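Summary of the model geometry
Chain residues, written in single-letter form:
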Amino acid sequence: MEKHAPISALPAPVGSVPTAPKQKCKCRQAGFVKRLTSSVVLACLLYTAFNTFVPERLLPGQVGEISPFEAGCPQTDVLVPSKNHELWSNLTRQIASEDFKKQAVGWLSGAVQIPTESFDDFGPVGQDPRWEVFKPFHAYLKTTFPLVHTTLKRTEVNTYGLIYEWVATEDSFLKPILLAAHQGRTAVETLLQNGFQPKRNLVLAFGFDEEVSGYQGAGELSKVLEEKYGKDGIALIVDEGVGFSEQYGTYVAGPGIAEKGFLNVQVEVKAPGGHSSVPPPHTSIGILSALLVHFEKNPFEVHLSRAQPVYATLQCIAEHGKDVPDRFRKLVKKSTESDRALKKLEAVVLKDNLIKSLVGTTQAIDIVRGGVKSNALPEQAWAVVNHRISVTSSVAELKKRDVKLLAPIAHKFNLSYTAFGAQITEDGAPAHGSLILSDLSRGGLDPAPVTPTGADAHPYKLLSGTIKATFNAYRGELDRDTSEIVVAPSMMSGNTDTKSYWNLTQHIYRYSHLNEGKNDNPLARGIHTVNEHVEVEAWLEMIQFFVTLILNADESLEI
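Residues numbered from 1 in each chain as written. Predicted model: local features only at pLDDT ≥ 70, side-chain atom pairs only at ≥ 80, totals over all residues. Heavy atoms only, no water.

1. Side note on the pairing of strand E6 (residues 243–247)
The test is simple: When accessible area is computed with a 1.4 Å probe and restricted to protein chains, residues below 20% of their type maximum are described as buried, those above 50% as exposed, and intermediate ones as partly exposed. Helix and strand definitions follow DSSP, with helices as H or I runs of at least four residues and strands as E runs of at least two, each counted in order from the N terminus. Note on pairing: two strands pair once DSSP finds at least 2 bridges between them.
With five of its five residues buried, E6 lies for the most part within the structure. Taken together, the two bridges between E6 and strand E18 (residues 514–515) define a ladder with parallel strand orientation. Its bridge partner being in E18, Gly243 is matched across the sheet by Leu514. Pairing geometry for E6 and strand E7 (residues 250–253), over four bridges, is antiparallel.

Written out as structure tokens, the structure is:
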């Protein structure tokens, strides 16, 4: 048998600049993993807003109930509308026209000029006047999308949440599809302009506070939707996500099929006060510092498993990436059956901090407070630790870990210890202060149920075939039955409004068909900062995708 050295260094992508021999292995591996990272995070917007509030309804029993993904990343066929093929062809040409381009750009540019920012300290709707900025936005929608507002049934929820229902022309037992991404309005208006009438109900659901958790928006919309359509009453949901980019010579689309959970933990230390001229060996701030250092000295162990969406992404990159190094391709394929190969793969890919963060549970100390005066001993000091929970873990497992982790420090400083409402140390025992762990996240959020992608997952097949058809059509190849784009299951590191919709369907996708080109940086379009933007051609192709999705779903009898 031919023997090979361990894969500690991988060949660089085709076209990379050779490096000096001394740095050869390190630099080439870093280059590969950097490119690989861009593929893994195709569906990850890396939202930076830490969601403090979550819907009260949680599904803790679903956590961890996921199965390994299919090896080899099988692909579905291109799916083009058949009954509505002529309409779809005409719409494709219309979307590519200069007149439509001007109209679509006008729709988007007008919307973003209305200030609808959301802030973490917003109060309830009806009490905080800052929510009223949505009134002119709603007025803009009515004038800009007149057919949507005269044809679809419109329901206001909690004043600023909007549900639009496009009722089928005849009674149908088919489940409706739900679009939460805002391109849905544009696609529906375009379809209405061309006389389309659906045979399957279509629902548009738009919250207004997703950036500050969605508690008042999607959290309330979900109650209305579930009351009307029932549990599992929706065929599939598509919400915001990224899209596709060129990776190692192949275009790869990454619909998000999962989201990590989260929990914000407040770590609070209380100690006797007094004058700072007669200090104890450790003040509450000093003790808190020791606790926080202990947190950072003990990060979560991270392991790559076959049940994680990131592993599915790696399978697709290895199977279909034209320029992926052969040895890495072989390692990924071997890892489907060999635990030893899986550990080798883990050692390579987890060197990248972003991939490591997607796979495992993370902790970040984001807020620290303590002390009120320079000559007064602080009686209280506290910090907030934000956790993003791996899809293979849970809120309960995380809490158990945090409680155990800090117990030795509580003992060292002789603190009474209470965690998440439970007394950890003996009640009434002598102590020089107290340590209190509390949940700031309304119970936290378990990781989202992983969307099925197997052979029987017809909604995933429909989405995948639609992605391929859209990719072809926007490049002038309407009737081509193969496609150069690969669809790879991926995941989100942040949370979308779909966290409120778990009861409505198993089939939730975070995807917007945004063309990232050859860009290695998923944040290059200025997400959450100055000059956030999208290229005009990318915007038009997104509209093409949602038009195609609506038409394909309307014809399907399998979802």
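Next comes the rest of the account.
2. Quick notes on the state of the cysteines
Test applied: Cysteine sulfur atoms that come within 2.5 Å of each other are treated as a disulfide pair.
Taken as a whole and assessed by the stated rule, the structure comprises one disulfide. Covalent S-S linkage joins Cys73 and Cys316, the inter-sulfur distance amounting to 1.9 Å. With the S-S dihedral at roughly 85 degrees, the linkage between Cys73 and Cys316 falls on the right-handed side. Of the two residues, Cys73 is situated in the loop between helix H1 (24–40) and helix H2 (85–95) and Cys316 in helix H9 (residues 309–320); the sequence distance between them amounts to 243 residues. Across the pair, Cys316 and Cys73 agree in class, each one buried.

3. Topic: the pairing of strand E12 (residues 416–419)
The side-chain alternation of E12 yields one buried face, formed by Tyr417 and Ala419, and one unburied face, formed by Ser416 and Thr418. Of the strand pairs in this sheet, E12 and strand E14 (residues 434–439) are connected by four bridges, and their pairing is parallel. The residue bridging Ala419 from the neighbouring strand is Leu437, located in E14. Where E12 lies against strand E13 (residues 422–423), two bridges are found, and the strand directions are antiparallel. Counterpart to Thr418 in the pairing with E13 is Gln423. Linking E12 to E13, which pair antiparallel, is a turn of two residues; within it Phe420 sits at a positive phi near 50 degrees.

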